[in-house]
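As a plain string of letters, each chain reads:
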Amino acid sequence: VFAFRDARWAPDPVLEPGAAVRSPQPVPLVIDNGSFQTRAGWACPDPSVPAEPLLRFRSLAARSRGARGGAGAETQVGNDLGSPEPLRWLLRSPFDRNVPVQLELQELLLDHVFQRLGVSSQGCVDHPIVLTEAVCNPLYSRQMMSELLFECYQVPKVSYGVDSLYSFYHNRRQNWPCSGLVISSGYQCTHILPVLEGRLDAKNCKRINLGGCQAAVYLQRLLQLKYPGHFAAITLSRMEEILHEHSYIAQDYIEELQKWRCPEYYENNVHKMQLPFSNKLLGSTVASEEKQEKRQQQLRRLQELNARRREEKLQLDQERLDRLLYVQELLEDGQMDQFHKALVELNMDSAEELQSYINKLSLSVEQTKQKILQSEVNIEVDVVDSKPETPDLDPLGSEQSLEDVESINEFEPLFAEEQPEAEKPVAAVQPVFNLAEYHQLFLGTERIRAPEIVFQPSLIGEDQAGIAETMQFVLERYSKEQQTILVQNVFLTGGNTMYPGLKARIQKELLEMRPFQSSFQVHLASSPVLDAWYGARDWAVEYMSREEGWISRKDYEEKGGEYLKEHCASNVYVPIRLPKQAPRAAEAAGRASGTGNAGEQA
């Protein structure tokens, strides 16, 4: 039995950068801008600066509404949220799939990064920025990102690269071919990227719109259908925990399902997830006499509550009656000016209306006094007789106040008569079922069904090809010699490739699609989640003093925000081609000739 950790995120501290970050010149700041998690740190060759991301937080922001009227509203980012579940309906992400489109939210994430890393320059960020972007990123998205970095933060230069290619760059070994087939599966998308001679072949890249997010939603739907009694407890955060720690990829999906049909295999491999629950028993084992005594106490409390409310009502009515009688005395004494002024304050029009209110209040005060007297008598009788009957709180038949009726209705279930069960012994009453077991989720085939969607998107109704079919489609676009080169280095990276058994499944799929006795090799990234940041850091340290791959502010102003300088881990730059416009003189001549022809026809 496994318990959910339900870990809360610890807020990120404000770090103090060392002197090596600023001298002799500001070192690059590397940001892996992922749709699931943002990672940031320094690219500094000095050993005193950690060669790992100093910040890791979810790419989420939530704006609390604060007090009424908008006062006190604040925006929390990343780990400052604590836990995403209480704020799930307020959470917002700058990403649509894996492309940043909400730049005001992206600015919040960058503000959080610069603040927590202790960037101390005034009015600008004077460090070069290395930023990851999506494969074949739309020009508009890059343009908005460049505008944000150069115009808002005044960065000196920036470089864009693809996260999976940075991971490929970081994992290169000696005698490794510079070509390969990169399979990158992340939170929102899965990409098949062919790399030939160290450069991305963008024309033959393919994307599958499935990743860890869709697997978590599918697993949540499966378990909510299986356990409708725990619908609210089956949250997305817990589903992500199950995917990360309890799921695996089946080498043969149909064969694995057949194994799960065996009861012995099920018992040996099922994972039981314990939901939090209360130890209080559902049924009460209190004796009948104790129940009756408890009911009597509740009844007395109700009577005291009603008596206190009547006394408060009597006091208010008496004060108002005294006020009205004082105004009536002004009329009797002939002080007409003060009388009319008092009538206006009371919102009354005439002496007759005043007399009517006095009569009503006098009657109400008298009735309330009689109710208080009668309730005291009833309480005394109840204490003497100890009868579990509801006393008559209103013997005069007068109208009860709304508060009295509501308070009596509140306790109505307590006054229901019960069957006499005092004769039955209640010594050893056991609960009908094990409460802890009732709050357990049994994970059987769900452990393989959720991750399988990247191979069979039809499981969730998606009309897309899986990894194996897409990989075969990409390979068939090359010659046999190039196919042989690509399959010698099939590289797996991304957080969604960390399932146990994924590498064996890819090897099995390649064995089925490749010619007989042909060779291939499948490699898994050393750290599928962090290798993109490590690769970007390696590139930044190596190219820190070069011009290659860096977009300066001058380039941005001359060539536009969508401009990209290519390097070994970047996208391919495709400039915007606008249609040529006809010269204005030719357009004017065309209009004049058109007008002349129209005049001749007329």
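Residues numbered from 1 in each chain as written. Predicted model: local features only at pLDDT ≥ 70, side-chain atom pairs only at ≥ 80, totals over all residues. Heavy atoms only, no water.

**A short note on the sheet that holds strand β11 (residues 157-162)**
Either a parallel or an antiparallel arrangement is found when strands of a sheet pair, and the pairing is made through backbone hydrogen bonds.
So, step 1. Strand order in the open sheet formed by six strands is β4-β3-β2-β10-β11-β20, and the pairing between neighbours is mixed. Each edge of the sheet is formed by a strand with only one pairing partner; in this case those strands are β4 (55-58) and β20 (551-552).
So, step 2. Sheet topology places strand β2 (residues 29-33) next to strand β3 (residues 37-42); five bridges connect them, and they run antiparallel. By the bridge assignment, aspartate 32 is partnered in β3 with arginine 39.
So, step 3. Lying over the sheet, helix α2 (residues 139-152) contacts β2, β10 (129-133), β11 and β20, oriented at roughly 145° with respect to β11. (Pairing = 2+ DSSP bridges. Helix = DSSP H or I, 4+ residues; strand = E, 2+ residues; numbered from the N terminus. Contact = heavy atoms within 4.5 Å. Axes fitted to C-alpha atoms, helices over the stretch in contact; angles between N-to-C directions.)

**Remarks on the nonpolar core**
So, step 1. By size, the foremost hydrophobic cluster in this structure holds 43 residues, and its most contacted members are Leu223, Ile506 and Leu510.
So, step 2. Breaking this core down by element, the ones donating at least two residues are β12 (180-185), α4 (212-226), α5 (236-246), β17 (440-443), α14 (467-475), α15 (480-487), β18 (490-493) and α16 (502-513).
So, step 3. No other element matches the six residues that α4 contributes to this core.
So, step 4. By size, the runner-up hydrophobic cluster in this structure holds 37 residues, among which are Val27, Leu109, Val125 and Tyr563. (Core = buried A, V, L, I, M, F, W, Y, C linked by side-chain atoms within 4.5 Å. Buried < 20%, exposed > 50% of the residue type's maximum accessible area, 1.4 Å probe, protein only.)

**Points about the environment of isoleucine 506**
So, step 1. You can see isoleucine 506 is positioned in helix α16.
So, step 2. Counting along the chain gives 35 residues from isoleucine 506 to methionine 471, while the straight-line C-alpha distance between them is 9.8 Å.
So, step 3. Not counting residues up to four positions away in its chain, the partners in contact with isoleucine 506 are Ile183, Phe455, Ile467, Met471, Val490, Leu492 and Val522.

**Topic: the sheet that holds strand β5 (residues 61-63)**
So, step 1. Read from one edge to the other, the open sheet built from three strands follows the order β6-β5-β7, with strand pairing classed as antiparallel. Two strands bound the open sheet, and with one partner strand each, they are β6 (75-77) and β7 (91-92).

**So, the packing of aromatic side chains**
So, step 1. All chains considered together, the criterion is met by ten aromatic pairs.
So, step 2. Judged by centre distance (6.0 Å) and plane angle (80°), the ring pair of tryptophan 260 and tyrosine 266 falls under edge-to-face.
So, step 3. Residue class for tryptophan 260 comes out buried when judged on its relative accessible area of 6%.
So, step 4. Judged by its relative accessible area of 26%, tyrosine 266 falls in the partly exposed class.
So, step 5. With a centroid separation of 5.3 Å and an interplanar angle of 80°, the aromatic rings of tyrosine 563 and tyrosine 573 are classed as edge-to-face. Separated by ten residues along the polypeptide, tyrosine 563 in the loop between α18 (553-559) and α19 (584-601) and tyrosine 573 in the loop between α18 and α19 bring together distant segments of the chain.
So, step 6. Joined through ring pairs, the aromatic side chains of Trp260, Tyr265 and Tyr266 make up one cluster.
So, step 7. Its end group placed over the ring of tryptophan 550, lysine 157 keeps NZ or CZ at 4.8 Å from the ring centre. (Phe/Tyr/Trp six-rings, centres within 6.5 Å; stacked < 30°, edge-to-face > 60°. Lys NZ or Arg CZ within 6 Å of the ring centre and 35° of its normal.)

**A closer look at unusual backbone geometry**
So, step 1. Cis geometry is adopted by the peptide bond preceding proline 24, which originates at serine 23 and carries an omega value of 0°.
So, step 2. Secondary-structure assignment places proline 24 in the loop between β1 (2-3) and β2.
So, step 3. Despite not being glycine, cysteine 136 shows a phi value in the positive range, around 50°.
So, step 4. Within the secondary structure layout, cysteine 136 lies in the loop between β10 and α2.
So, step 5. At glutamate 197, a residue that is not glycine, the phi angle is positive and equals roughly 55°.
So, step 6. Mapped onto the elements, glutamate 197 comes out in the loop between β13 (190-196) and β14 (199-200).

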